[in-house]
Amino acid sequence: MDNTYLFHGNAAVGGALERLAANAGWQRVDSLADADVVVTYCTNQQALEDAYFDEGGFVQTARSGTLMIDLSPSTPGFARELSAVALVSELHPVEAPIAVLDPTWEDAFSRPDNLICFVAGEEDDVAAAKPFLQAIAGEVLEEGPLGSAQLARAARTVQQVGTLVATAQACGMTVGHSAPAPGVNPAAKSGRVSYPIAGRGLSCLGSPAAPGKAVSNVLPVTFSRQFRHKKTPCASTAQGVFS
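Since the structure is predicted, the reported quantities are computational estimates derived from the model, not experimental observations.

A word on the environment of Leu 32
Then comes step 1: Looking at the secondary structure, you find Leu 32 in the loop between strand E2 (27–28) and strand E3 (37–41).
Then comes step 2: You can call Leu 32 buried: its relative accessible area is 19%.
Then comes step 3: Here the alpha-carbon distance between Leu 32 and Thr 61, two residues 29 residues apart in the chain, equals 8.3 Å.
Then comes step 4: Those residues in contact with Leu 32 that lie beyond four places of it in its chain are Leu 6, Val 38, Phe 58, Thr 61, Ala 62 and Arg 63.

Overview of the pattern of salt bridges
Then comes step 1: The full count for this structure, using the stated rule, is three salt bridges.
Then comes step 2: Between Glu 18 and Arg 28 there is a salt bridge, and its shortest N-O distance comes to 3.3 Å. Taken together, the residues Glu 18 in helix H1 (residues 11–23) and Arg 28 in strand E2 connect sequence positions 10 residues apart.
Then comes step 3: Between Asp 113 and Arg 111 there is a salt bridge; the shortest N-O distance is 2.5 Å.
Then comes step 4: Residue class for Asp 113 comes out partly exposed when judged on its relative accessible area of 44%.

Thoughts on the pairing of E3
Then comes step 1: Of all five residues making up E3, five are buried, and the element is well covered by its neighbours.
Then comes step 2: Where burial is concerned, the two faces of E3 agree: the one with Val 37, Val 39 and Tyr 41 and the one with Val 38 and Thr 40 are both buried.
Then comes step 3: For E3 and strand E4 (residues 67–70), the ladder comprises four bridges, and the chain directions are parallel. By the bridge assignment, Val 38 is partnered in E4 with Met 68.

Here we look at the side chain of Thr 4
Then comes step 1: Inspection of the secondary structure puts Thr 4 in strand E1 (residues 4–9).
Then comes step 2: Residue classification places Thr 4 among the buried positions, given a relative accessible area of 0%.
Then comes step 3: Once you skip the residues sitting within four places of it in the chain, Thr 4 turns out to touch Trp 26, Gln 27, Val 29, Asp 34, Ala 35, Asp 36 and Val 37.

Brief notes about the packing of aromatic side chains
Then comes step 1: Applying the stated criterion to the full structure yields five aromatic pairs.
Then comes step 2: Summarising the aromatic geometry, the rings of Tyr 5 and Phe 132 are spaced 5.0 Å apart at their centres and angled 55° between planes, so their arrangement reads as tilted. Here the residue Tyr 5 occupies a position in strand E1, and Phe 132 occupies one in helix H5 (residues 123–136), the gap between them amounting to 127 residues. Like Phe 132, Tyr 5 is buried.
Then comes step 3: Ring pairs connect the aromatic residues Tyr 5, Trp 26 and Phe 132, which therefore count as one cluster.

The rules behind the values
Residues numbered from 1 in each chain as written. Predicted model: local features only at pLDDT ≥ 70, side-chain atom pairs only at ≥ 80, totals over all residues. Heavy atoms only, no water. Helix = DSSP H or I, 4+ residues; strand = E, 2+ residues; numbered from the N terminus. Buried < 20%, exposed > 50% of the residue type's maximum accessible area, 1.4 Å probe, protein only. Contact = heavy atoms within 4.5 Å. Salt bridge = Lys/Arg side-chain N within 4 Å of Asp/Glu carboxyl O. Pairing = 2+ DSSP bridges. Phe/Tyr/Trp six-rings, centres within 6.5 Å; stacked < 30°, edge-to-face > 60°.

In structure tokens, the structure reads:
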């Protein structure tokens, strides 16, 4: 069969990408033997490691010469490690982390014009992966050597999260003066009004998405816990993202 791929990873993202790929003539298959390309999108690094390195993972089971496209958010260091092991196993790895342009959409992965893909790898492998990547993403940017695509995506993620948090905080301060948060007694507060904004800040962005959905779309999960943990300094989070 021509233009076939096997997808492994997050089911919701896989379903959205399947619809986009089908519009460009790509057929999703369940058997590794029938797939021209293996595509992965895992929402945490442990799942990504298991998919490739675990017993029965793709490093062991994929046939020699298979094109492996990883769309997952990860770190430059892990991307280089994954690619090195895949190359030793005579596979053709392509580092292609995908990102959403407008994370406030309810189905952020549902339209190619809302998706951007950063790509790194061997020149021939990148060229072979482009037809699939262009089928699912409106913009495909070649970044250079292995690790550079994850670095580019991480830089964009940090900028996007900063913008979202600042906007949510501004909205939260506005609505905070008009009505107290549930369970908060305004009479018990003194000085500046400081109501919690979780759930209200993002909802005032005018988005059809559920509160908090925007941040989830930007941070599929690989980095979300660090960003969401109020005691984790941004500096230490960024250090983990860019290493």
